[in-house]
Amino acid sequence: MKLQLSLIALLSIAAANANARTEISLNIVDEKGVGTAIGSISAVDTKYGLVLTPTLRGLTPGLHGFHIHQNASCDTKEKDGKLIPALGAGGHLDPAGSNKHGEPWGDGHLGDLPPLFVDATGNATQPVLAPRLKLADLAGRSVMVHAGGDNHSDHPAPLGGGGARVACGVVK
(Lines give C-alpha, C1' and ligand atoms only; values in the text may rest on other atoms or scores of the structure.)
Protein backbone atom coordinates (compact mmCIF):
# COMPACT_ATOMS: atom_id res chain seq x y z
CA MET A 1 0.00 0.00 0.00
CA LYS A 2 2.85 2.40 0.89
CA LEU A 3 4.57 1.68 -2.44
CA GLN A 4 1.31 2.32 -4.30
CA LEU A 5 0.81 5.68 -2.52
CA SER A 6 4.42 6.67 -3.26
CA LEU A 7 3.98 5.81 -6.92
CA ILE A 8 0.73 7.82 -7.08
CA ALA A 9 2.48 10.78 -5.43
CA LEU A 10 5.38 10.63 -7.93
CA LEU A 11 3.00 10.42 -10.88
CA SER A 12 1.03 13.40 -9.53
CA ILE A 13 4.21 15.46 -9.22
CA ALA A 14 5.29 14.46 -12.74
CA ALA A 15 1.86 15.39 -14.14
CA ALA A 16 1.95 18.76 -12.36
CA ASN A 17 5.43 19.48 -13.73
CA ALA A 18 4.36 18.47 -17.25
CA ASN A 19 1.72 21.20 -17.09
CA ALA A 20 3.92 23.76 -15.32
CA ARG A 21 3.20 27.25 -16.55
CA THR A 22 4.82 30.61 -15.96
CA GLU A 23 3.04 33.93 -16.34
CA ILE A 24 5.22 36.89 -17.31
CA SER A 25 3.80 40.40 -16.92
CA LEU A 26 4.92 42.90 -19.57
CA ASN A 27 5.09 46.69 -19.36
CA ILE A 28 5.84 49.45 -21.83
CA VAL A 29 9.41 50.71 -21.43
CA ASP A 30 10.90 54.08 -22.33
CA GLU A 31 13.76 56.36 -21.25
CA LYS A 32 11.93 57.08 -17.97
CA GLY A 33 11.83 53.37 -17.09
CA VAL A 34 9.11 50.77 -16.80
CA GLY A 35 5.65 52.15 -17.52
CA THR A 36 2.12 50.94 -18.13
CA ALA A 37 1.20 47.26 -17.89
CA ILE A 38 0.13 45.85 -21.28
CA GLY A 39 -0.71 42.26 -20.32
CA SER A 40 1.13 39.00 -19.92
CA ILE A 41 2.69 36.03 -21.65
CA SER A 42 2.01 32.49 -20.56
CA ALA A 43 4.89 30.05 -21.06
CA VAL A 44 4.48 26.25 -21.03
CA ASP A 45 6.63 23.30 -22.07
CA THR A 46 5.32 21.01 -24.80
CA LYS A 47 6.88 18.08 -26.62
CA TYR A 48 7.61 20.52 -29.49
CA GLY A 49 9.36 23.14 -27.35
CA LEU A 50 8.30 26.13 -25.29
CA VAL A 51 4.99 27.77 -26.23
CA LEU A 52 4.66 31.45 -25.36
CA THR A 53 1.07 32.68 -25.52
CA PRO A 54 0.67 36.46 -25.30
CA THR A 55 -2.31 38.37 -24.03
CA LEU A 56 -1.00 41.85 -24.82
CA ARG A 57 -2.69 45.11 -25.78
CA GLY A 58 -1.68 48.61 -26.81
CA LEU A 59 1.14 47.70 -29.18
CA THR A 60 1.71 49.01 -32.69
CA PRO A 61 0.11 46.68 -35.27
CA GLY A 62 2.42 44.45 -37.31
CA LEU A 63 5.33 42.13 -36.63
CA HIS A 64 7.69 42.81 -33.73
CA GLY A 65 11.04 41.33 -32.78
CA PHE A 66 10.48 39.05 -29.78
CA HIS A 67 13.32 37.65 -27.67
CA ILE A 68 14.44 36.17 -24.38
CA HIS A 69 17.13 38.45 -22.95
CA GLN A 70 20.01 37.50 -20.68
CA ASN A 71 19.17 39.41 -17.47
CA ALA A 72 16.14 39.59 -15.18
CA SER A 73 15.84 43.36 -15.53
CA CYS A 74 13.85 45.88 -17.53
CA ASP A 75 15.75 48.85 -16.10
CA THR A 76 16.80 51.81 -18.23
CA LYS A 77 20.58 52.17 -18.47
CA GLU A 78 22.92 54.68 -20.00
CA LYS A 79 24.97 53.88 -23.10
CA ASP A 80 27.12 56.41 -24.93
CA GLY A 81 25.54 59.23 -22.90
CA LYS A 82 21.95 58.24 -23.79
CA LEU A 83 19.32 56.52 -21.65
CA ILE A 84 18.27 53.27 -23.34
CA PRO A 85 14.95 51.65 -22.36
CA ALA A 86 15.34 48.16 -20.81
CA LEU A 87 19.08 48.01 -21.49
CA GLY A 88 19.36 46.32 -18.08
CA ALA A 89 17.98 43.18 -19.78
CA GLY A 90 21.30 42.75 -21.57
CA GLY A 91 21.53 41.03 -24.94
CA HIS A 92 19.67 38.07 -26.36
CA LEU A 93 20.09 34.86 -24.36
CA ASP A 94 23.17 33.16 -25.84
CA PRO A 95 24.60 30.57 -23.40
CA ALA A 96 26.46 28.74 -26.20
CA GLY A 97 28.27 31.93 -27.23
CA SER A 98 27.12 31.81 -30.87
CA ASN A 99 27.37 35.62 -31.06
CA LYS A 100 24.93 35.68 -33.96
CA HIS A 101 21.25 36.36 -34.47
CA GLY A 102 19.30 33.64 -36.24
CA GLU A 103 16.15 31.61 -36.62
CA PRO A 104 14.41 30.20 -33.54
CA TRP A 105 15.21 26.67 -34.79
CA GLY A 106 18.77 27.49 -35.89
CA ASP A 107 22.18 27.85 -34.31
CA GLY A 108 22.05 31.53 -33.32
CA HIS A 109 21.10 32.99 -29.95
CA LEU A 110 18.99 30.62 -27.86
CA GLY A 111 16.74 33.60 -27.04
CA ASP A 112 15.79 34.25 -30.69
CA LEU A 113 12.04 33.73 -31.03
CA PRO A 114 9.59 33.89 -33.94
CA PRO A 115 8.22 37.43 -34.39
CA LEU A 116 5.27 38.57 -32.31
CA PHE A 117 2.18 39.37 -34.40
CA VAL A 118 0.09 42.33 -33.28
CA ASP A 119 -3.31 42.70 -34.93
CA ALA A 120 -4.87 45.88 -36.34
CA THR A 121 -6.35 46.76 -32.94
CA GLY A 122 -2.99 46.53 -31.12
CA ASN A 123 -3.52 43.12 -29.53
CA ALA A 124 -1.15 40.16 -29.57
CA THR A 125 -2.74 36.77 -28.85
CA GLN A 126 -1.11 34.36 -31.31
CA PRO A 127 1.07 31.69 -29.62
CA VAL A 128 4.75 31.50 -30.51
CA LEU A 129 6.73 28.23 -30.51
CA ALA A 130 10.36 28.28 -29.39
CA PRO A 131 11.56 24.78 -30.36
CA ARG A 132 14.97 25.00 -28.62
CA LEU A 133 13.75 26.47 -25.31
CA LYS A 134 12.33 24.96 -22.14
CA LEU A 135 10.54 26.67 -19.28
CA ALA A 136 13.63 26.19 -17.10
CA ASP A 137 15.66 28.32 -19.57
CA LEU A 138 13.55 31.38 -18.68
CA ALA A 139 14.51 31.52 -15.00
CA GLY A 140 16.42 34.72 -14.26
CA ARG A 141 15.74 36.19 -17.71
CA SER A 142 13.50 38.79 -19.32
CA VAL A 143 11.17 38.79 -22.31
CA MET A 144 11.42 41.68 -24.77
CA VAL A 145 9.22 43.11 -27.52
CA HIS A 146 11.03 45.32 -30.03
CA ALA A 147 9.58 48.16 -32.13
CA GLY A 148 10.22 46.60 -35.53
CA GLY A 149 10.09 43.20 -37.17
CA ASP A 150 12.83 40.59 -37.21
CA ASN A 151 14.56 39.11 -40.26
CA HIS A 152 16.45 36.53 -38.12
CA SER A 153 19.81 37.73 -39.39
CA ASP A 154 22.49 40.24 -38.51
CA HIS A 155 22.32 41.74 -42.03
CA PRO A 156 21.43 44.32 -43.22
CA ALA A 157 20.77 45.44 -39.62
CA PRO A 158 22.13 43.86 -36.44
CA LEU A 159 19.91 41.64 -34.30
CA GLY A 160 17.29 41.22 -36.99
CA GLY A 161 16.56 44.93 -37.32
CA GLY A 162 13.99 44.90 -34.50
CA GLY A 163 15.17 48.24 -33.22
CA ALA A 164 14.12 49.86 -29.96
CA ARG A 165 12.91 47.93 -26.93
CA VAL A 166 9.25 48.83 -26.39
CA ALA A 167 7.96 46.30 -23.85
CA CYS A 168 9.66 44.10 -21.29
CA GLY A 169 8.84 41.59 -18.60
CA VAL A 170 10.99 39.86 -15.98
CA VAL A 171 10.55 36.12 -15.52
CA LYS A 172 9.97 35.37 -11.85
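The structure presented is a predicted model; accordingly, all values stated were derived computationally and were not measured.

Caption draft 1: Representation of the nonpolar core in the model. Judged by nonpolar contacts, the single largest core of 26 residues is most densely connected at Leu-26, Leu-50, Leu-52, Leu-56, Phe-66, Leu-133 and Leu-138. Among the elements of the structure, β1 (21-30), β2 (33-46), β3 (49-56), β5 (66-69), β8 (116-118), β9 (128-130) and β10 (142-146) are those that each provide at least two residues to this core. Ranked by size, the runner-up nonpolar core spans 6 residues in total, among them Ala-86, Ala-89, Met-144 and Cys-168.

Caption draft 2: Fine view of unusual backbone geometry. We note that Asp-80 has phi near 55 degrees; this positive angle belongs to a residue other than glycine. Of note, Asp-80 is situated in the loop between β6 (77-79) and β7 (82-84). In this structure, Ala-86 takes a positive phi of about 60 degrees despite not being glycine. Note that Ala-86 resides in the loop between β7 and β8.

Caption draft 3: Here's a closer look at the state of the cysteines. This structure, assessed with the given rule, holds 1 disulfide. Each sulfur of the disulfide joining Cys-74 and Cys-168 lies 2.0 Å from the other. Looking down the S-S bond of the Cys-74 and Cys-168 bridge, the torsion is -75 degrees, so its handedness is left-handed. One end of the pair, Cys-74, is in the loop between β5 and β6; the other, Cys-168, is in strand β11 (residues 165-170), and 94 residues separate them in sequence. A relative accessible area of 7% means that Cys-74 is categorised as buried.

Caption draft 4: Local environment of the side chain of Asn-27. Here Asn-27 lies in strand β1. The residues touching Asn-27, leaving out its near neighbours within four places in the chain, are Val-34, Gly-35, Thr-36, Ala-37, Ile-38, Val-166, Ala-167 and Cys-168.

Caption draft 5: Spotlight on the pairing of β10. In terms of residue burial, β10 counts as a mostly covered element, since 5 of its 5 residues are buried. Here β10 shows no split at all, with Ser-142, Met-144 and His-146 on one side and Val-143 and Val-145 on the other all buried. Inspection of the sheet shows β10 paired to β11 by 5 bridges, in the antiparallel sense. In the strand pairing of β11, Val-143 is matched with Gly-169.

Reading the values: the criteria
Residues numbered from 1 in each chain as written. Predicted model: local features only at pLDDT ≥ 70, side-chain atom pairs only at ≥ 80, totals over all residues. Heavy atoms only, no water. Core = buried A, V, L, I, M, F, W, Y, C linked by side-chain atoms within 4.5 Å. Buried < 20%, exposed > 50% of the residue type's maximum accessible area, 1.4 Å probe, protein only. Helix = DSSP H or I, 4+ residues; strand = E, 2+ residues; numbered from the N terminus. Disulfide = S-S within 2.5 Å. Contact = heavy atoms within 4.5 Å. Pairing = 2+ DSSP bridges.

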